[in-house]
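# A look at the structure
Take a look at the letters that make up each chain.
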Amino acid sequence: MGGNTTEIVSIFSNNNYQTPMNDDADDLVTETTEALTELSTNYVSPSPDQVLEIVLENILQFITARTDRNSVSLVCKSWYKADSLSRADLFIGNCYVVSPLRVINRFGKIKSLVLKGKPRFADFNLFPTNWGAHFTPWVSSFSSVYPLLEKICLKRISITDEDLALIAKSFVGFQELVLVCCEGFGTKGLSVIATNCRQLRVLELIESEVMDDGVDWVSCFPETGSTCLESLIFDCVDCFVNFEALEKLAVRSPSLRKLMLNRHISIRQLQRLMIRAPHLTHLGTGSFSNSDIVIQGDGGQELLSAFASSKSLICLSGFRDIVPEYLPAIYPVCANLISLNFSYANIDTEQLKSVICYCHKLQTLWVLDSVCDEGLQAVAETCNDLRELRVFPMHAQEDVETPVSEVGLLAISEGCRKLRSILYFCQQMTNAAVVAMSKNCPELMVFRLCIMGRHRPDHLTGQPMDEGFGAIVKNCKKLTRLAVSGLLTDDAFRQIGEYGKLVRTLSVAFAGNSDTGLKFVLEGCPKLQKLEIRDSPFGDAALLAGLHHYYNMRFLWMSSCNLSLEGCKEVALRMPQLVVEVIRGVLDEERDELGNVEKLYLYRSLEGQRKDVPRFVTIL
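Residues numbered from 1 in each chain as written. Predicted model: local features only at pLDDT ≥ 70, side-chain atom pairs only at ≥ 80, totals over all residues. Heavy atoms only, no water.

Let's shift gears to the overall build of the protein. Counting its secondary structure elements, the protein contains 23 helices and 23 strands. Counting contacts in the protein only where the partners sit at least 6 residues apart, residues at least 24 apart contribute 72% of the total. For the protein, the exposed surface amounts to about 26000 Å²; the carbon and sulfur share of it is 50%. (Helix = DSSP H or I, 4+ residues; strand = E, 2+ residues; numbered from the N terminus. Contact = heavy atoms within 4.5 Å. Areas by Shrake-Rupley, 256 points an atom, 1.4 Å probe, with all protein chains shown as cover.)

We now examine the nonpolar core. The biggest cluster of nonpolar side chains holds 177 residues, and the ones touching the most others in it are Phe135, Ile330, Leu340, Phe342 and Phe447. With six residues, strand β20 (residues 555-564) is the largest single contributor of residues to this core. Those residues in contact with phenylalanine 135 that lie beyond four places of it in its chain are Leu113, Leu115, Ile152, Leu154, Ile157, Ser158, Ile159, Asp163 and Ile167. Grouped together as the second largest cluster of nonpolar side chains are seven residues, Val114, Cys153, Val180 and Cys181 included. (Core = buried A, V, L, I, M, F, W, Y, C linked by side-chain atoms within 4.5 Å. Buried < 20%, exposed > 50% of the residue type's maximum accessible area, 1.4 Å probe, protein only.)

Here we come to the pattern of salt bridges. A full pass over the atoms with the stated rule returns 24 salt bridges. Arginine 276 is paired through a salt bridge with glutamate 247; the nearest N and O atoms lie 3.1 Å apart. With arginine 276 in helix α11 (residues 267-276) and glutamate 247 in helix α10 (residues 243-251), this pair connects stretches of sequence that are 29 residues apart. On the basis of relative accessibility, which here comes to 36%, the residue arginine 276 falls in the partly exposed class. A residue is classified by how much of its surface remains accessible, and glutamate 247, at 8% relative accessible area, is buried. The salt bridge involving arginine 534 is made with aspartate 535; its shortest N-O contact spans 3.0 Å. On the basis of relative accessibility, which here comes to 23%, the residue arginine 534 falls in the partly exposed class. Salt bridges here are not isolated pairs; linked through shared partners, they connect Glu176, Arg201 and Glu230. (Salt bridge = Lys/Arg side-chain N within 4 Å of Asp/Glu carboxyl O.)

This paragraph deals with helix α16 (residues 406-415). For α16, a buried count of seven out of ten residues is recorded, marking the element as mostly surrounded by other parts of the structure. Within α16, the full set of buried residues consists of Glu406, Gly408, Leu409, Ala411, Ile412, Ser413 and Gly415. Looking at the buried residues of α16, the elements they touch are α15 (372-382), β14 (388-392), β15 (421-426) and α17 (431-440).

Scanning all chains against the criterion turns up 21 aromatic pairs. Ring plane angle 90° and centroid distance 5.7 Å describe the contact between phenylalanine 493 and phenylalanine 538, whose orientation is recorded as edge-to-face. With a gap of 45 residues between them, phenylalanine 493 in helix α19 (residues 490-499) and phenylalanine 538 in the loop between β19 (530-534) and α21 (540-544) connect regions that are remote in the sequence. Phenylalanine 538 shares its class with phenylalanine 493; the two are buried. Joined through ring pairs, the aromatic side chains of Tyr96, Phe127, Trp131, Phe555, Trp557, Tyr601 and Tyr603 make up one cluster. (Phe/Tyr/Trp six-rings, centres within 6.5 Å; stacked < 30°, edge-to-face > 60°.)

Tallied over the full model, the rule gives zero disulfides. Between cysteine 153, a cysteine without a disulfide, and cysteine 182, which holds the nearest cysteine sulfur, the sulfur-to-sulfur distance is 8.0 Å. Residue cysteine 153 is classed as buried on the basis of its relative accessible area of 17%. Between cysteine 334, a cysteine without a disulfide, and cysteine 359, which holds the nearest cysteine sulfur, the sulfur-to-sulfur distance is 4.0 Å. (Disulfide = S-S within 2.5 Å.)

Another aspect to go through is the environment of valine 72. Mapped onto the secondary structure, valine 72 falls in helix α4 (residues 66-73). A relative accessible area of 1% places valine 72 in the buried class.

Okay, here's the thing in structure tokens:
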């Protein structure tokens, strides 16, 4: 199921078959109809409808993109039914858009589930604890209906140890579990998965909160015979693991290609694991400090030898608690790297230069701003094939100067012309640098510039950043995701509305000067799916300007804006299929008494008000 809320609602509502399709969908319909005509001419059957369904099911097996499947399901009742019977992969971008029961009634053979819960701003502690997005009702419903379910990927979902136990018990051929930014579970639940899922190929715990229950979960994997394990990621698990059991697991997993370790795995242990798993393509090093190894001793040479023997490595991350003197050990693999993640490594300019000079094939790079503008200039000189860059702040505070600026951004734009995605935290920026990036990197699809501090202008001219962001949406024709910050007037938002026709996700922080700005966006961005706004001056007039568009969006989030309770009630009254949540925090009582709304979260749902509303949430 696609991310577009209109598609979500359409494919779950069997009375909507005349939705206009794009050119690709028209071609698909024409080609398939011709094929059906030819097949039906040569095949005689007493039940033409049944033949049509069988043929459709066989054809649909070759259509895997969820957007194409959605288009197919909207053609007519026969195609809708065939899609219901044959779709195996299900994507739900908001766990409250549909209910598990509706999914069960719609699809009969689901093998893969991707389910998302809270929106992205939950990562910044803007959502209260225990807001919702629980996996329990989903796994409880699916456990008896989809015994052949093989893959579950959850993002910002609360999942318990009991949920994990039910997964292990119910899905006999379960193979993949990916938990991104999830919470509510611990090592006890992981031990059940490791013990019972004997066909497990993928276990990835990414930026999730994993409780330490004192259970040795790594030892619970099968002790005899080879495992099916291909990917094991547990770098976010902040507790000790049984290294002896982990080492034996690596030996028993000949298909293991991805291994990302937590900070409790030392360099000495890392070196031993690399020897046991010589075919790794993705490695997260865990700790990169001298807890049990001497820099000048034989151990350092052993680590260098281990990397030199790793001919398959193309992605490298980890480097927690780094001792930079160990960086030369990774030199032998740098020439083959396409992805390098230093976002946990506090390294300076010279240390980055010593590594990056070998990384000519690099396509993805994550670093801290400790590398300074000079480090980014070195990246620009070497990494001409770079597609994604993220520069994170060492200290994410408004009053702390960052060592990266427009100088580093300009260098990247000049040296990395193939760039597709950039996330850049800084304290100061100029319009000229952003305009240069829009011209030098026209293939940009993601541009997220986070100027820390409130309403900061071009630090050289004192002008708003309107020109820079306007150039991005004007010159980067493929832009789908945009994050804006700094001093912006209504003119910047006018240009976003005028030129951002493909923008699907827009994030606004500490920007804007009137309701007119947001009106431009809501009236001018037809593809907008996710709109998240914080600490901006938009109020009721801006909110009401989007009534024509909210049914087509996945969600709207606004916090610390100028919304009133009456304005939110007006939206709820005029759009009955929209769920309008007013979220209160501990410090929001004064605002509530004044009729102000601190946090607003609205989304479309076929189910109406959810059943697990906490006391601090009011659904209008």
